[in-house]
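Observations on chain architecture
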Amino acid sequence: MTLSRFPMPALAMLALLSGSSPALSADDDTPWLKLSPRIAGLDSESTPAPPGIELPPTASGDEVAASAVKPVASATLRIGDRLIATGGVSQIEGAAGGGLNPWAVIAGYGTREQIGATAFRTRVRTRGDFELESTGVAVGLYNRVELSAAAQRFDLSDTVPGESINVDVIGAKVRLFGDAVYDQDRWWPQVSVGLSWKHNSDFGLVPGLLGAKRRSDIEGYVAATKVYLGLAAGFNVLTNITLQATRANQFGILGFGGDRSDSYKLMPGASVAVLLRDNLAFGAEYRDKPNNLSAFREDAATDVFLAWFPFKRFSVTAARVDLGNIANKPNQRGWYLSGQLAF
C-alpha cells in the first residue's frame, strides 16, 4: 500500500476514543480506563494516588486522577501507554495525522516518558493510471517531538510512458500545548508546528520543463486538533485545521515554484472524523494547493475515508480521493489504501 510521491488524501483518523457513548472506553491494552468527558477537569495532583496504584496517562501522557482508575500492573502496558488511535494514521508525507493533512498529534503511543514509532505504506491509483506510492517511518519522542521520513514514487502513466518521479521528505513536528482528547473543559485545541524538507530527485524529467523553479524546498505548517466527546448523537468527533506555507506543485511531484509565482502561499487544510466505534472512524479531508505553473492548472485535493484499528499495533485506511487536475488529465479520482504499524 503506497500512496504516491506526494501528500495524498485520506485518512484522517486519530481514532480517538470511541463513539456511541460520551464515556471513553479503553482499548484491550488498557482495560482499566473508563473515563467520562469530565475527566479533563480532574486534577491528578489534588488527588494523590493510593500506595501501589499506578496512574494511566492521558492522550498527551499526563496522569489522570487516582479516583478515576483501578490498580494495574505496569507489565500490561505495551507498545506505549497512550490510548488506541491517539497518534492518528500516517499522512502521505510521513507525519502523523490524516492521509492528506498533518495533524497536531504526535506519532506512536509513547507518553511523556516514552518513545513511540510508526511505519507505513500507502498506494493511490487514479482513473488516468497515475500511481502514487509512499513508504515511511516516524518517531515520537516523549509525546512532544516527532521526526519523520518518507520516500514517494509517482508513475507518470501515458503522459510520459515508462517514467516516474521520486520525492524524498524529511519532517519534524513539535507539540506546543493542549491535549486533543482530555482538555474537554478548555476551548483551545492541541496545537503543533512542523517543518518538512522535500527533494525532487527527477526535477529535470518533467518539473523543470514545465517551468518549476526549484528541485528542493522547505515547508512549514501549524496544526490544531480537537476531539469533541459525544458531539454527534453521542458519537465522538475529531476536527483538525492545518495552515501550511508552501510553494509545492502537486505536493512537490512537479517541483516547487513556477513561472506564475515563486512565493510561499498559506494553504488551508481541514479534516473531520466521526468515531463510529472505538476502533473505526469515518471522515473527510480537504487540502488546498498553490497554482504556480501556467502550463497546467492545479486543484485542491479532497477525500472521504474509513480508518480501522483492529489492533493497537496496526491500522488500515481506505479512501476515495479526488486530486483534481494532474498535468494533462482533469478529474483525477481514485482509491487510496494505507497500512500502518505502531511500535
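Cut-offs and rules
Residues numbered from 1 in each chain as written. Predicted model: local features only at pLDDT ≥ 70, side-chain atom pairs only at ≥ 80, totals over all residues. Heavy atoms only, no water. Helix = DSSP H or I, 4+ residues; strand = E, 2+ residues; numbered from the N terminus. Buried < 20%, exposed > 50% of the residue type's maximum accessible area, 1.4 Å probe, protein only. Contact = heavy atoms within 4.5 Å. Areas by Shrake-Rupley, 256 points an atom, 1.4 Å probe, with all protein chains shown as cover. Phe/Tyr/Trp six-rings, centres within 6.5 Å; stacked < 30°, edge-to-face > 60°. Lys NZ or Arg CZ within 6 Å of the ring centre and 35° of its normal. Pairing = 2+ DSSP bridges. Axes fitted to C-alpha atoms, helices over the stretch in contact; angles between N-to-C directions. Salt bridge = Lys/Arg side-chain N within 4 Å of Asp/Glu carboxyl O. Core = buried A, V, L, I, M, F, W, Y, C linked by side-chain atoms within 4.5 Å. Patch = residues over 30% accessible without salt bridge, like charges linked within 9 Å, V, L, I, M, F, W, Y side chains within 5 Å. pLDDT = per-residue confidence, 0-100.

Examining the overall build of the protein chain
- When helices and strands are counted, the protein chain shows one helix and 16 strands.
- Classification of the 343 residues of the protein chain by burial places 57% in the buried group.
- Across the protein chain, contacts joining residues at least 24 apart in sequence account for 64% of those joining residues at least 6 apart.
- Total accessible area computed for the protein chain in this model is approximately 13300 Å², and 59% of it derives from carbon and sulfur atoms.

Observations concerning the environment of Leu 141
- Tracing the sequence through the fold places Leu 141 in strand E6 (residues 131-141).
- Considered as a pair, Leu 141 and Arg 112 are 29 residues apart in the sequence and their alpha carbons are 7.7 Å apart.
- Not counting residues within four places of it along the chain, the set of residues in contact with Leu 141 comprises Gln 114, Ile 115 and Leu 147.

As for the packing of aromatic side chains
- In the structure shown here, the tally under the stated rule is two aromatic pairs.
- Taking the centre distance of 5.4 Å and the plane angle of 20 degrees together, the rings of Phe 130 and Phe 154 count as stacked. Remark: Phe 154 occurs in strand E7 (residues 145-155) and Phe 130 occurs in the loop between strand E5 (115-126) and E6; sequence separation between them is 24 residues.
- The exposure class of Phe 130 is buried, given its relative accessible area of 1%.
- Plain terms: the ring middles of Trp 187 and Trp 188 are 5.9 Å apart, the flat faces sit at 85 degrees to each other, and that makes the pair edge-to-face.
- The cationic tip of Lys 312 hangs over the ring face of Tyr 109; the distance from NZ or CZ to the ring centre is 4.9 Å.

Notes on the sheet that holds strand E12 (residues 265-277)
- Spatially, the 12 strands close up into a barrel ordered E5-E6-E7-E8-E9-E10-E11-E12-E13-E14-E15-E16, and their pairing is antiparallel. Sheet twist, expressed as the mean angle between neighbouring strand axes with direction ignored, is 20 degrees.
- Inspection of the sheet shows E12 paired to strand E13 (residues 280-287) by eight bridges, in the antiparallel sense. Looking across to E13, one finds that Ala 273 is bridged to Gly 283.

Looking at unusual backbone geometry
- Positive phi, normally seen in glycine, also occurs at Asn 143, with a value near 50 degrees.
- Within the element layout of this structure, Asn 143 appears in the loop between E6 and E7.
- Phi at Phe 251 takes a positive value of approximately 65 degrees, unusual for a residue other than glycine.
- Within the secondary structure, Phe 251 is located in the loop between strand E11 (235-246) and E12.

Comments concerning the pattern of salt bridges
- Enumeration over the complete set of coordinates arrives at 17 salt bridges.
- Salt bridges sharing partners connect three or more residues here, namely Glu 93, Lys 198, Glu 219 and Arg 287.

Remarks on the nonpolar core
- Among the nonpolar cores identified, the biggest contains 46 residues, and Phe 154, Ile 165 and Phe 309 are the most heavily contacted of them.
- Counting only elements with at least two residues in this core, the list comes to E5, E6, E7, strand E8 (164-177), strand E10 (216-232), strand E14 (301-311), strand E15 (314-322) and strand E16 (333-342).
- A total of four residues in this core trace back to one element, the largest contributor, which is E14.

Quick word on the pairing of E14
- As paired elements, E13 and E14 share eight bridges and run antiparallel to each other. Bridged to Leu 280 within E14 is Trp 308.
- Turn length for the E14-E15 hairpin, with the two strands adjacent in sequence and antiparallel, is two residues.

A closer look at a nonpolar patch on the surface
- Together, Val 174, Leu 176, Phe 177, Trp 187, Trp 188, Val 193, Val 222, Leu 243 and Leu 266 give the surface a local cluster of nonpolar side chains, amounting to about 840 Å² of exposed area.
- Counting residues per element, the nonpolar patch draws most heavily on E8, which supplies three residues.
- By the element assignment, Trp 187 lies in the loop between E8 and strand E9 (190-200).

Regarding the pairing of E8
- In this sheet, E8 lies alongside E7 in antiparallel orientation, the contact comprising 11 bridges. Among the inter-strand pairings, Asp 155 is bridged to a residue of E8, identified as Ser 164.

Remarks on the confidence of the model for the protein chain
- Averaged over all residues, the pLDDT of the protein chain is 82; the fraction at 70 or higher stands at 77%.
- Per-element mean pLDDT across the protein chain ranges from 35 in strand E2 (residues 34-35) up to 98 in E9.
- Every residue in residues 1-56 is under pLDDT 50, and counting partners more than four places away or in other chains gives 235 contacts.
- Confidence drops under pLDDT 50 across residues 63-77; counting only partners more than four residues distant or on other chains, this segment forms 43 contacts.

Brief notes about the environment of Ala 224
- With respect to the secondary-structure elements, Ala 224 resides in strand E10.
- Classification of Ala 224 as partly exposed rests on a relative accessible area of 24%.
- Look past the residues within four positions of Ala 224 in its chain and what remains in contact with it is Ala 104, Pro 189, Gln 190, Val 191, Thr 239, Asn 240 and Ile 241.

Some details on the environment of Lys 198
- With respect to the helices and strands, the residue Lys 198 is situated in strand E9.
- Judged by its relative accessible area of 0%, Lys 198 is buried.
- Separated by 31 residues in sequence, Lys 198 and Val 167 have C-alpha atoms that sit 6.7 Å apart.

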